[in-house]
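Okay, here's what each chain looks like letter by letter:
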Number of protein chains: 2
Amino acid sequence: MGIDPGLVATGYGLVGPATPRGLAVLSTGVISTTRDLPLEARVHEVYEGVVKVLDALTPGLIVLEDLYTEYRFPRTALMMAHARGVICLAARQRAITLLALSPSEVKRAVAGHGSASKEQVQHSVQRLLQLDALPRPSHVADALALAFTGYSRAGGRLQ
Amino acid sequence: MGIDPGLVATGYGLVGPATPRGLAVLSTGVISTTRDLPLEARVHEVYEGVVKVLDALTPGLIVLEDLYTEYRFPRTALMMAHARGVICLAARQRAITLLALSPSEVKRAVAGHGSASKEQVQHSVQRLLQLDALPRPSHVADALALAFTGYSRAGGRLQ
């Protein structure tokens, strides 16, 4: 399962054992938090949402975007890291292995180069996973790109 | 209770109802995490440590250092924010009110100016709380400075 962490919206996408058509997308979604609530309430919403998803889908591996520090908006990055903290906690509490991949690694794996745009990632994910429609929002496309890359790295050996 | 969040070490300090000598320091400590463990394990240690402290000391208010973005070390700031996220979660799960104060606000309140050094904060906290020794490490001094400032702001009306 790939998770694209964010305080406003956290995308997730679960891919499963390869079918004759290729890797199957088993579930996708976005955990959104309530605007205007204080930070701690939103962090709590992210945690509760992730816990619900993990307990329902029981992924064998979680692939998260790695920490990287070249953010254009430091405050947004710090808020993302709050969400990422509680996602790490939820995974650890369930003994689910975490893999952290950098955005450029994931972009290279799905789109061929490390500086692919959001749109290029969406189109690449659609093609690689043979989806009928473009994965939207981009949080879901990013989560599926993480899941795809992590699954490939793990050699497809996961349940 | 003041909490100075950090992934390596999180300081806390609980101050209580004023005694004839002034505000009383009821408890202080540091929650340290195990070097060399992966991020998610350390985040889990911070969470478990904070939960234990909150359940033992049942503070009426938690005062946390506010997000600020002028960090010299962005990666350290992002790791701190992971710890801060699970601290926010632990507080929210117990319905404890959180107050966020900026470092400069706290320094101004305890040491008279917003750019006080770590040593100046330690000495100010020692004087204000009439401690026999300098509060150490600086995480504890910072946590007590947060608690002192938050308590003053709340008008000393908290349990």
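Refer to the preceding data block for the structure.
Note that the structure is predicted; figures quoted are calculated from it, not measured.

A.B. asks: So what's going on with the interface of chain A and chain B? Which residues, and what values?
C.D. replies: On the chain B side, the residues contacting the 24 residues of chain A number 24 residues. Elements with a minimum of two residues in the side of chain A that touches chain B: α1 (39-57) and α2 (74-93) of chain A. Of all the elements, α2 of chain A adds the most residues to the side of chain A that touches chain B, at 15 residues.

A.B. asks: Which residues make up unusual backbone geometry, and what values go with them?
C.D. replies: Residues and elements named next belong to chain A. For the bond from R136 to P137, the omega torsion is -15°, close enough to zero to count as cis. One can find P137 in the loop between α4 (118-128) and α5 (138-153). At T58, a residue that is not glycine, the phi angle is positive and equals roughly 40°. Of note, T58 is situated in the loop between α1 and β4 (61-65). Residue T58 is classed as exposed on the basis of its 12 C-beta neighbours within 10 Å.

A.B. asks: How would you summarise the sheet that holds strand β3 (residues 22-32) of chain B if you had to cite specific residues and measurements?
C.D. replies: Residue and element names in this part refer to chain B. Taken in spatial order, the five strands of this open sheet run β3-β2-β1-β4-β5, and their pairing is mixed. Strands with a single pairing partner mark the edges of an open sheet, and in this sheet they are β3 and β5 (97-101). This sheet shows a mean twist of 25° between the axes of neighbouring strands, independent of strand direction. This element, helix α5 (residues 138-153), spans β1 (2-4), β2 (9-19), β3, β4 (61-65) and β5 of the sheet and lies at about 40° to β2.

A.B. asks: Let's hear about the sheet that holds strand β5 (residues 97-101) of chain A: which residues, and what values?
C.D. replies: Strand pairing in a sheet takes place through backbone hydrogen bonds and is either antiparallel or parallel in direction. All names here are of chain A. The five strands are arranged β3-β2-β1-β4-β5 in an open sheet whose pairing can be described as mixed. Each having just a single partner strand, β3 (22-32) and β5 make up the two edges of the open sheet. Geometrically, the sheet is characterised by an average inter-axis angle of 25° between neighbouring strands, direction not taken into account. Two elements, β4 and β5, share five bridges in a ladder whose sense is parallel. Its bridge partner lying in β5, E65 is registered against L101.

Parameters at a glance
Residues numbered from 1 in each chain as written. Chains lettered and ligands numbered in written order. Predicted model: local features only at pLDDT ≥ 70, side-chain atom pairs only at ≥ 80, totals over all residues. Contact = placed C-beta atoms within 7 Å. Helix = DSSP H or I, 4+ residues; strand = E, 2+ residues; numbered from the N terminus. Buried ≥ 20, exposed ≤ 12 C-beta atoms within 10 Å, placed from the backbone. Pairing = 2+ DSSP bridges. Axes fitted to C-alpha atoms, helices over the stretch in contact; angles between N-to-C directions.

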